[in-house]
Amino acid sequence: MSLSNQPSIRPAELNKLKEYLVGIISRNLEENPPSVSDRPQVVKEILNQAYVSTKINLAVTLRDQLFHEIIDDMLGFGPIQSLLEDDNVTEIMVNGASKVYIEREGKLERTNITFENDYQVLRLIDRIIMPLGRRIDSESPTVDARLPDGSRVNAIIPPVSIDGPSLTIRKFMKGRLTVKQLIELGTLTSSMAEFIRACVRARLNIIISGGTGSGKTTLLNVLSGFISEDERIITIEDAAELRLQQDHIVRLETKPPDVEGKNGVSIRDLVRNSLRMRPDRIIVGEVRGGEALDMLQAMNTGHDGSLTTLHANSPRDAVSRLETMCLMAGIELPVKVLREQVASAIDLIIHQSRLRGGARKVTSISEVSGMEGDAIIMTEIFRYEQKGVSKEGAAIGELKPTGIRPLFTPKLEAAGFKLPPEVFGAKLTDMLSGRRR
């Protein structure tokens, strides 16, 4: 290095030294990846050796500060560490080195946090994906991963990301939300929760639909808590983030292709394999493609009680997206046959939305009640009715039943769940007068 061997050093030279040391550490870790448990010690050893090799003698306090920053960068998460530790922050968005945004209580805001340069952002991305065996480079510029606590990570780099590397972290809540907490938050009502619990225990096939950031995975975690302890559960995810509490769980995660584009393991591969694992329940974190057809066929051949999520703007849109994803499997089926598969397999669609002001609510619970001609028939059991907007810009509305009992009520009763009429909106005066709801 071309740095002077003096106790004092200019900031630009210190930054240059830092980049040099980090570069050596990164190359060593890439060439000889240590285990997760050994990584901290390996980083410290490489740092000490690299520093000694420069023959630069910094003042002790300056050297300690430099080592601390480097170790934080290599073992922690650098400038965004404080955001990860803030329980009120639910999402972190790094748009290049100079712009870091967060979502706090459902609202976006820009922070005053910055990275030194794009290279520091790239180092952070490498730090996240290296222990998982994932890769990101110009030939494969996107990656999905997860942090040790289960938080979901997406990274995308140039040339695809024009303004520099981008990093999005969907934080996972510390502690598991309960259905009681969702009721207190207004996400759903006690009647809706009672109904959903009965549907899960009665082994109905359920889809949770909604937009990005609407809380689908959180709701899936809560619903999974209703599953009995004596069932064998297989979970299938792109990046493992479900946190189920039962004892008998087998967690499966996709594997990206290698540098030659081979040896990848997709969601579809895992769905097919799970059928040979004697599952009582199959939970797919999210369906995005041809695996939807395999999942529907599993549901239609005795693997009931399955749960999954998908992106959609409404329950009806969720059904349309299922059709489209099934076509992505590459098997040509008449549209009517495909719709019959959907109508036969899916019992319930729970739609969750993020409303104005940031609140997340279950805005519709709909039964898939069969076919009429070539069309799938859906019946809404619960809905959210928005009545206005507050002065603060938050949505004002009410969650309530539609007054309709689902056609699968006998299946709930056979499983031991005889829900009272008021769950579905029957009024006391109606029950006393003997009216049928």
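Residues numbered from 1 in each chain as written. Predicted model: local features only at pLDDT ≥ 70, side-chain atom pairs only at ≥ 80, totals over all residues. Heavy atoms only, no water.

J.: Just to check I follow, could you spell out the overall build of the chain for this structure?
T.: Within the chain, the regular secondary structure consists of 14 helices and 15 strands. Expressed as lengths along the three principal axes of its C-alpha atoms, the size of the chain is roughly 95 × 50 × 40 Å. When each of the 437 residues of the chain is scored for burial, the buried share is 47%. Contacts in the chain between residues far apart in sequence, at least 24 positions, make up 55% of those at least 6 positions apart. Of the roughly 21,700 Å² of accessible surface on the chain, 49% is carried by carbon and sulfur atoms. Taking the average place of the 57 positive charges on the side chains of the chain and the average place of its 58 negative ones, the gap between the two points comes to 4 Å. (Helix = DSSP H or I, 4+ residues; strand = E, 2+ residues; numbered from the N terminus. Buried < 20%, exposed > 50% of the residue type's maximum accessible area, 1.4 Å probe, protein only. Contact = heavy atoms within 4.5 Å. Areas by Shrake-Rupley, 256 points an atom, 1.4 Å probe, with all protein chains shown as cover. Lys, Arg positive; Asp, Glu negative; His and termini not counted. Charge placed at Lys NZ, Arg CZ, Asp CG, Glu CD.)

J.: What exactly am I supposed to notice about the nonpolar core here?
T.: Counting residues in each nonpolar core, the largest one holds 41 residues, and the members touching the most others are F195, I206, I350, I365 and L412. The element best represented in this core is helix α7 (residues 190-201), accounting for seven residues. The residues contacting F195, other than those within four sequence positions of it, are L348, I365, I381, F382, P406, F408, L412, L419, V423 and F424. By size, the runner-up hydrophobic cluster in this structure holds 33 residues, among which are M277, V342, I346 and I349. (Core = buried A, V, L, I, M, F, W, Y, C linked by side-chain atoms within 4.5 Å.)

J.: What is the right way to look at the sheet that holds strand β10 (residues 281-284) in this model?
T.: Within a sheet, adjacent strands bond to each other through the backbone by hydrogen bonds, running parallel or antiparallel. Spatial ordering of the open sheet is given by β9-β8-β10-β11-β7-β12-β13-β14-β15, a layout of nine strands whose pairing is mixed. Every interior strand has two partners, whereas the edge strands, β9 (249-253) and β15 (395-401), have only one. Taking the axes of each pair of neighbouring strands and ignoring which way they run, one obtains an average angle of 25° across the sheet. Examined bridge by bridge, β10 and strand β11 (residues 307-311) share two bridges and lie parallel to one another. Looking at the pairing, V284 lines up with T308 of β11. (Pairing = 2+ DSSP bridges. Axes fitted to C-alpha atoms, helices over the stretch in contact; angles between N-to-C directions.)

J.: Any chance you could explain the packing of helix α11 (residues 315-327) against helix α12 (residues 335-345) here in plain terms?
T.: For any two helices packed against each other, the geometry is given by the interaxial angle and the distance between the axes. At a minimum axis separation of 10 Å, α11 and α12 run at an interaxial angle of 120°. Our classification of the angle between α11 and α12 gives oblique. In the crossing of α11 with α12, the sense of the turn from one axis to the other is right-handed. From α11, V319, L322, E323, C326 and L327 reach across to α12, where they touch L338, R339 and V342. (Parallel < 35°, antiparallel > 145°, perpendicular 65-115°, else oblique. Left-handed = near helix turned anticlockwise from the far one by under 90°.)

J.: Would you mind going over α11 with me for this structure?
T.: Three or four residues apart is the spacing at which side chains of an α-helix point the same way, because the helix has 3.6 residues per turn. Here α11 contains 13 residues, and its C-alpha end-to-end distance of 19 Å stays within 8% of the 18 Å for a straight helix at 1.5 Å per residue. Within α11, the full set of buried residues consists of P315, A318, V319, L322, E323, M325 and C326. For α11, the arc enclosing every buried residue in end-on projection is 170°, short of the 170-degree limit, so these residues lie on one face. (Expected span 1.5 Å × (residues − 1). Arc of directions from axis to C-beta.)

J.: Any chance you could explain the sheet that holds strand β1 (residues 89-95) here in plain terms?
T.: Strand order in the open sheet made by the six strands is β3-β2-β1-β6-β5-β4, with antiparallel pairing throughout. For this open sheet the edge positions go to β3 (107-110) and β4 (142-146), each flanked by a neighbour on one side alone. For this sheet, the mean angle separating the axes of adjacent strands, direction not counted, is 15°.

J.: Explanation requested: α7 in the structure shown.
T.: Compared with an ideal rise of 1.5 Å per residue, which puts 12 residues at 16 Å, α7 spans 16 Å between its outermost C-alpha atoms and is within 8% of the ideal. When we look at burial in α7, the residues that qualify are M192, A193, F195, I196, A198, C199 and V200. Once α7 ends, the next one or two residues include R203, with phi positive near 65°.

J.: Before we go on, may I ask you to explain the side chain of S209 in this structure?
T.: Counting through the fold element by element, S209 comes out in strand β7 (residues 206-210). With sequence-adjacent residues up to four places away left out, S209 is seen in contact with K216, L310, A312, S314, P315, A318, I349, I350, H351 and Q352.

J.: Just to check I follow, could you spell out the confidence of the model for the chain for this structure?
T.: Interpretation of the predicted coordinates at a detailed level should be avoided for regions scoring low in pLDDT. On average, residues of the chain score 88 in pLDDT, and 95% of them reach the 70 mark or higher. By mean pLDDT, the top-scoring element of the chain is β7 (97), and the lowest-scoring one is helix α14 (residues 428-432) (47). Below a pLDDT of 50 lies the segment residues 1-7, which in the model reaches 17 contacts outside its immediate sequence neighbourhood of four places, other chains included. (pLDDT = per-residue confidence, 0-100.)

J.: Help me out: how do you make sense of the pairing of strand β6 (residues 166-170) in this one?
T.: The sheet contact formed by β1 and β6 spans five bridges and is antiparallel. The residue of β6 that forms the bridge with M93 is T168. As paired elements, strand β5 (residues 152-156) and β6 share five bridges and run antiparallel to each other. Bridge pairing in β6 places R152 opposite R170.

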